[in-house]
Amino acid sequence: MINYQWLYVLAGAVFAGFALGSARDRSNLKRWGNAAFWTLMTTSFWFGDFLGDVGNGVLVLALVAIAGLGLLGRGSAETTNAGQRQAFSERYGNRLFLPALIIPFTAFVGTLLFNYTPLKAAGLIDPKTVTLVLLGAGVIIALLTCVVWLKPPLIAPVEEGSRLMNAIGWAGVLPQMLAALGAIFAAAGVGTTIGALAASIIPHGNVFLAVLLFALGMVVFTMIMGNAFGAFPVMAAAIGIPILIHADGGNPAVIGAVGMLSGFCGTLMTPMAANFNMVPAALLELKDQYGVVRVQVPTALALLAANIAILYFAGFRL
Amino acid sequence: MIDYWPLLGIALVVVGFALRFNPLLVVAVAAIVTGLLGHMPFLKVLGVLGHGFNENRYVSIIWIVLPVIGLLERYGLQERARAVIADMRGATAGRLLIVYLGFRQIISALGLTSVAGQAQTVRPLVAPMAVAAAEKQHGELDEKTADHVKAMAAATDNVGLFFGEDIFIAIASILLIQGSMASFGIHLTPFQLSVWAIPTAICAFVIHGTRLLLLDRRLGRAR
């Protein structure tokens with residue numbers, strides 16, 4: 001059965017490529033820092049299950065030390081210059097989009113095939129991993145297509161991959177690190193504390209105020225945890241179920257669905273949701289690392305107001 | 001009596017991010033402080049951190065797309081994306097992003113959340129297209145305006161994903177709501193929940209779409 005292990009072997013190999021590409025880039029004064037950083041990630045993907053919990057913890061501290069001491073840099077070597085890219089773009093035309101579309105297309109067709117044919121029952125792919133397996137398959141097909149069609153130097157995928165990875169730098173590991181922080185928060189009982197805190201300030205008898213505190217609680221707690229999934233069970237147990245549903249008689253489906261969506265407004269406003277907010281800023285090479293969060297705040301606040309109105313009117317007045 | 005000390009870790013994260021220390025460092029320090037204040041011995045904290053990191057490796061798998069994207073950029077993909085927009089009459093950054101917003105919401109509502117994304121579509125296609133359209137409206141963009149347009153492209157992807165995916169009944173967040181409610185004896189079907197994601201999805205389209213039209217006005221004015 002194809003499971004996470006297969007993907008970790010593939011990802012480890014790609015990160016080994018990033019390490020190799022970084023080490024070869026003489027235009028990066030800190031190239032050995034970058035190479036060490038991506039080598040640690042390769043180690044994690046390939047051997048993480050054999051290192052033990054404390055061993056993995058030490059690996060995490062090593063990653064943090066490299067990033068925290070400013071040992072990561074970026075090269076300035078151009079693989080092709082603007083003029084060459086323009087010429088290639090004219091020569092290959094719109095066909096250049098095809099390999100880029102192979103990855104989403106594989107995800108699309110693969111998801112449909114998996115869900116609507118006997119493939120699911122065949123047990124070839126672990127259902128939990130199907131999205132990532134399709135991503136991996138798409139990447140391999142797209143890469144082979146590019147190599148056969150464009151005939152780049154064989155080192156080119158390694159060079160180009162590490163060019164982009166080093167542009168992203170430490171931000172690429174931040175989402176995984178925040179997930180680990182979530183594990184610590186859970187073990188230290190942070191969620192229970194926040195739930196108790198929220199429940200202790202809730203006023204009884206005023207439905208609108210209770211709705212407001214529920215929605216704001218979802219937003220704030222989501223901003224702290226970086227995702228609404230950690231916040232929802234806590235806020236539902238503290239306010240949503242005992243007060244809004246049991247005491248005030250609200251519609252459970254509205255409170256559940258729109259409560260979660262209020263949390264998503266918080267996701268738009270926090271750097272803790274790194275894969276959505278910090279990573280794109282790095283990917284797009286924005287000057288301000290909070291540039292994406294900043295433009296999302298107005299949408300998030302307006303939508304939060306809309307959610308509070310939906311919670312109140314659809315939850316209690318319909 | 002509630003023990004508030006572990007919350008100090010949260011305060012450290014907020015302060016550390018605000019002062020722009022390296023986020024990896026901030027998160028690691030906050031994790032260790034939170035664990036110690038939660039009465040865990042240091043080695044236990046290190047173990048929980050390491051275990052959490054190892055269990056969540058799948059989060060970082062997405063970066064395997066970079067060699068493909070980088071290779072295509074080497075052969076002029078971003079230039080091509082810009083050229084397509086330059087040839088398209090009536091294309092503006094706002095209109096382009098509104099179409100993308102609708103597309104992203106609809107495919108996410110069909111459960112196809114990973115068809116698009118920041119690495120797969122925004123960096124190689126959507127952001128360069130939006131910048132090219134903005135250049136048609138505005139002329140040459142200064143760095144600040146170009147960054148604003150790119151940030152809007154990334155934001156549009158997030159809004160479309162977040163406020164589309166919950167309409168699909170088999171998405172993780174719907175199952176989590178159902179599970180949390182069931183543990184308190186409230187039984188809901190995924191369908192009941194996903195229906196109530198629709199009003200918010202419509203509001204999201206209207207609100208963010210309006211902001212994108214305002215972006216067009218802002219870009220057009222400078223001409």
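Residues numbered from 1 in each chain as written. Chains lettered and ligands numbered in written order. Predicted model: local features only at pLDDT ≥ 70, side-chain atom pairs only at ≥ 80, totals over all residues.

Undergrad: Is there a simple way to think about the overall build of chain A in this case?
TA: The helix and strand inventory of chain A stands at 15 helices and zero strands. For the C-alpha atoms alone, the extent of chain A along its principal axes is close to 70 × 45 × 45 Å. Counting the 318 residues in chain A, one finds 53% classified as buried. Within chain A, residue pairs in contact and separated by at least 24 positions form 75% of the contacts whose partners lie at least 6 positions apart. (Helix = DSSP H or I, 4+ residues; strand = E, 2+ residues; numbered from the N terminus. Buried ≥ 20, exposed ≤ 12 C-beta atoms within 10 Å, placed from the backbone. Contact = placed C-beta atoms within 7 Å.)

Undergrad: Help me out: how do you make sense of the confidence of the model for chain B in this one?
TA: Detailed reading of the predicted coordinates is not advisable wherever pLDDT is low. Residues and elements named next belong to chain B. Here chain B averages 90 in pLDDT, while 98% of its residues score no lower than 70. The secondary structure element of chain B with the lowest average pLDDT is helix α1 (residues 8–18), at 86, and the one with the highest is helix α8 (residues 143–165), at 96. Here the complex is predicted with pTM 0.88, and the ipTM for its interfaces comes to 0.89. (pLDDT = per-residue confidence, 0-100.)

Undergrad: Sorry, what's going on with the nonpolar core here?
TA: When a protein is soluble and globular, its nonpolar side chains tend to lie buried together. Residues Met235 of chain A together with Ala130 of chain B are the most contacted members of the largest nonpolar core, which totals 184 residues. If you tally residues by element for this core, the top one is helix α12 (residues 228–247) of chain A, at 12 residues. Dropping the residues within four chain positions of it, Ala130 of chain B is found in contact with Ala93, Leu96, Leu97, Val149, Met152 and Ala153 of chain B. (Core = buried A, V, L, I, M, F, W, Y, C linked by C-beta atoms within 7 Å.)

Undergrad: I tried to follow the interface of chain A and chain B on my own but got confused; where do I start?
TA: It is common to report an interface's size as the accessible area lost on association of the parts. Facing 119 residues of chain A, the contacting portion of chain B comprises 102 residues. For the side of chain A that touches chain B, the per-class residue count stands at 85 nonpolar, 28 polar and six charged. (Nonpolar A, V, L, I, M, F, W, Y, C, P; charged D, E, K, R; others polar.)

Undergrad: Sorry if this is basic, but what is going on with the environment of Gly315 of chain A here?
TA: All names here are of chain A. Looking at the secondary structure, you find Gly315 in helix α15 (residues 291–317). Distance from Gly315 to Leu113, taken between C-alpha atoms, is 38 Å for residues 202 residues apart in sequence. Residues within four places of Gly315 in sequence aside, it is in contact with Gly250, Asn251, Val254 and Ile255.

Undergrad: Can you help me understand the packing of helix α1 (residues 4–24) of chain A against helix α2 (residues 31–47) of chain A in this one?
TA: In a packed pair of helices, the relevant descriptors are the angle between the two axes and the axis-to-axis distance. Residue and element names in this part refer to chain A. Look at α1 against α2: their axes get within 8 Å of each other, and the N-to-C directions meet at 170 degrees. Between α1 and α2, the interaxial angle falls into the category roughly antiparallel. Side by side, α1 and α2 meet where Tyr8, Val9, Ala11, Gly12, Phe15, Ala16, Phe18, Ala19, Ser22 and Ala23 of the first sit next to Arg31, Trp32, Asn34, Ala35, Trp38, Thr39, Met41, Thr42, Phe45 and Trp46 of the second. Residue composition of the contact of α1 with α2, grouped by class: 14 nonpolar, five polar and one charged. (Axes fitted to C-alpha atoms, helices over the stretch in contact; angles between N-to-C directions. Parallel < 35°, antiparallel > 145°, perpendicular 65-115°, else oblique.)

Undergrad: Got a minute to help me understand the packing of helix α13 (residues 252–267) of chain A against α15 of chain A in this structure?
TA: Residues and elements named next belong to chain A. The interhelical angle for the contact between α13 and α15, taken along N-to-C directions, is 170 degrees, at an axis separation of 9 Å. In terms of orientation, α13 and α15 fall into the roughly antiparallel class. Contacts from Val254, Ile255, Val258, Leu261, Ser262 and Cys265 of α13 reach α15 at Ala300, Leu303, Leu304, Asn307, Ile310, Leu311, Ala314 and Gly315. Looking at the contact of α13 with α15 residue by residue, the class counts come to 11 nonpolar, three polar and no charged.

Undergrad: Is there a simple way to explain unusual backbone geometry in this structure?
TA: Keep in mind that most residues, glycine aside, have a negative phi and that most peptide bonds are trans. The backbone phi angle of Glu285 of chain A is positive, close to 55 degrees, even though this residue is not glycine. With respect to the helices and strands, Glu285 of chain A occurs in the loop between α14 (274–283) and α15.

Undergrad: For this particular structure, what's the right way to read the domain arrangement of chain B?
TA: You can read the domains of chain B as domain 1 (5–55) and domain 2 (63–221). A straight line from the C-alpha centre of domain 1 of chain B to that of domain 2 of chain B covers 32 Å. (Domains from an automatic or database assignment.)

Undergrad: Explain the domain arrangement of chain A to me, please; I cannot follow it from the model alone.
TA: All names here are of chain A. Here chain A is partitioned into domain 1 (4–172) and domain 2 (176–317). Computed from C-alpha coordinates alone, the two centres of domain 1 and domain 2 are separated by 32 Å. Opposite the six residues of domain 1 that make contact, domain 2 presents seven residues. When grouped by side-chain class, the residues that make up the side of domain 1 that touches domain 2 number four nonpolar, two polar and no charged.

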